[in-house]
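Below are the chains, spelled out letter by letter.
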Amino acid sequence: MGEQYLRSVNLYADDREVFSSAVNTGDVAGGLRIRFSVQQGDTSKPNVCNVIVTNPAPSNAKAFMQEFKRITLAAGYGGETRIIFRGEIIQARSGREDVTDTYLHVLARSGERARNYATVNQALAAGHTYRDRIDLATKAMRQYGIAIGHIEDLGGKKFPRNYIAFGMAKDLLREVCEGAGASWSIQNNTFQVVKNDSTVPGSRVVLNSNTGLIGRPVQTIQGIEGRCLLNPMLLPGGKVEINEKSVEQAAFDPAYQGERSNALIQRIAADGVYKPCLLRCFLSH
């Protein structure tokens, strides 16, 4: 990325830009401002986005007052933004922050309807593959506006018997991914499958003090946890490189009962390569 200052935020309703905010100073009282928090993960659980727009024009606020309407949030620096979240509105509400300031609050999820309502009802002949089963599930999800992104090569294994796919598409995908050692998710209304020992192609991000890394990442039971400046290039299932010398090593519990928790602490990668499984992105000013 370029210089990480002069943040820019754009908010779209059905691909039409409704709000745009450039953060140049800390003095935003009385004017339009956009705050957001986005949680994304390399799991089938829908990603969640909360956006609060302060002092929106009433005519613009109405653009979001419709359930299941598409919403897109983009952010970046110096007017160059990238999509951080794309999904469907679950709730939009308006009110007052104080005597002078009004607000619009939008709650959205990515791929929720496809995950919860897409169904399959079809037979596959003997000799079908994991990819054939995935194609059945994605065909059902396309009806809910889901695009197809990166799908990992899950090998050439062929099943010797016919297969009846009947039920929820998400259950079929869970079965396939458990058998193939992979995970599926919907990122920004785009379906993807990534193997557990692989990453999304072209997603490499190097994090250090020059590229926005804040403080020192910490070794934990859940993995390596770190903070950085707003970076829309970070993706669930992508690739992040952090120098192993920058990671704060976890302290062992010396108690006898601590042996179990010590064994769960995730190792620090010698090559510094990590796969983001949970991303939390927020802007508050």
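Parameters at a glance
- Residues numbered from 1 in each chain as written.
- Predicted model: local features only at pLDDT ≥ 70, side-chain atom pairs only at ≥ 80, totals over all residues.
- Heavy atoms only, no water.
- Pairing = 2+ DSSP bridges.
- Helix = DSSP H or I, 4+ residues; strand = E, 2+ residues; numbered from the N terminus.
- Axes fitted to C-alpha atoms, helices over the stretch in contact; angles between N-to-C directions.
- Contact = heavy atoms within 4.5 Å.
- Salt bridge = Lys/Arg side-chain N within 4 Å of Asp/Glu carboxyl O.
- Buried < 20%, exposed > 50% of the residue type's maximum accessible area, 1.4 Å probe, protein only.
- Phe/Tyr/Trp six-rings, centres within 6.5 Å; stacked < 30°, edge-to-face > 60°.

A.B. asks: Please explain the sheet that holds strand β12 (residues 190-195) as it appears in this structure.
C.D. replies: Strands belonging to one sheet form pairs held by backbone hydrogen bonds; the direction of such a pair is parallel or antiparallel. Taken in spatial order, the three strands of this open sheet run β9-β12-β11, and their pairing is mixed. Bordering the open sheet on either side are β9 (147-151) and β11 (182-187), each of which pairs with just one other strand. Each neighbouring strand pair of the sheet contributes to a mean axis angle of 20 degrees, computed without reference to strand direction. Bridge count between β11 and β12: six bridges; the pairing is antiparallel. If you follow Q187 over to β12, its bridge partner there is T190. Against the sheet, helix α4 (residues 169-180) makes contact with β11 and β12, and its axis sits at roughly 140 degrees relative to β11, the strand it touches most.

A.B. asks: I'm lost on the pattern of salt bridges in this one. Help?
C.D. replies: It is possible for side chains bearing opposite charge to pair when their charged atoms get close. Within the structure shown, the criterion is met by eleven salt bridges. Between R70 and D15 there is a salt bridge; the shortest N-O distance is 3.2 Å. Here R70 is found in strand β5 (residues 70-77), whereas its partner D15 is found in the loop between β1 (7-13) and β2 (16-23), with 55 residues between them in sequence. Linking E175 and R133 is a salt bridge whose minimum nitrogen-to-oxygen distance equals 3.1 Å. Of the two residues, E175 sits in helix α4 while R133 sits in helix α3 (residues 130-142), which places them 42 residues apart along the sequence. Assessed through its relative accessible area of 39%, E175 is described here as partly exposed. A cluster of three or more residues bridged by salt bridges with shared partners is formed by R33, R35 and E97.

A.B. asks: Explain the packing of aromatic side chains here, please?
C.D. replies: Aromatic rings in a pair are described by how distant their centres are and how their planes are angled relative to each other. Scanning the model with the defined rule gives three aromatic pairs in all. Ring centres of F19 and F64 lie 5.8 Å apart, and the angle between their planes is 10 degrees; this geometry places the pair in the stacked category. In this pair, F19 sits in strand β2 while F64 sits in the loop between α1 (58-61) and β5, placing the two residues 45 residues apart along the sequence. The exposure class assigned to F19 is buried, which follows from its relative accessible area of 2%. Ring centres 5.2 Å apart and planes at 80 degrees place the aromatic pair Y130 and F159 in the edge-to-face group. Linking Y130 in helix α3 with F159 in the loop between β9 and β10 (163-168), this pair joins segments that are 29 residues apart in sequence.

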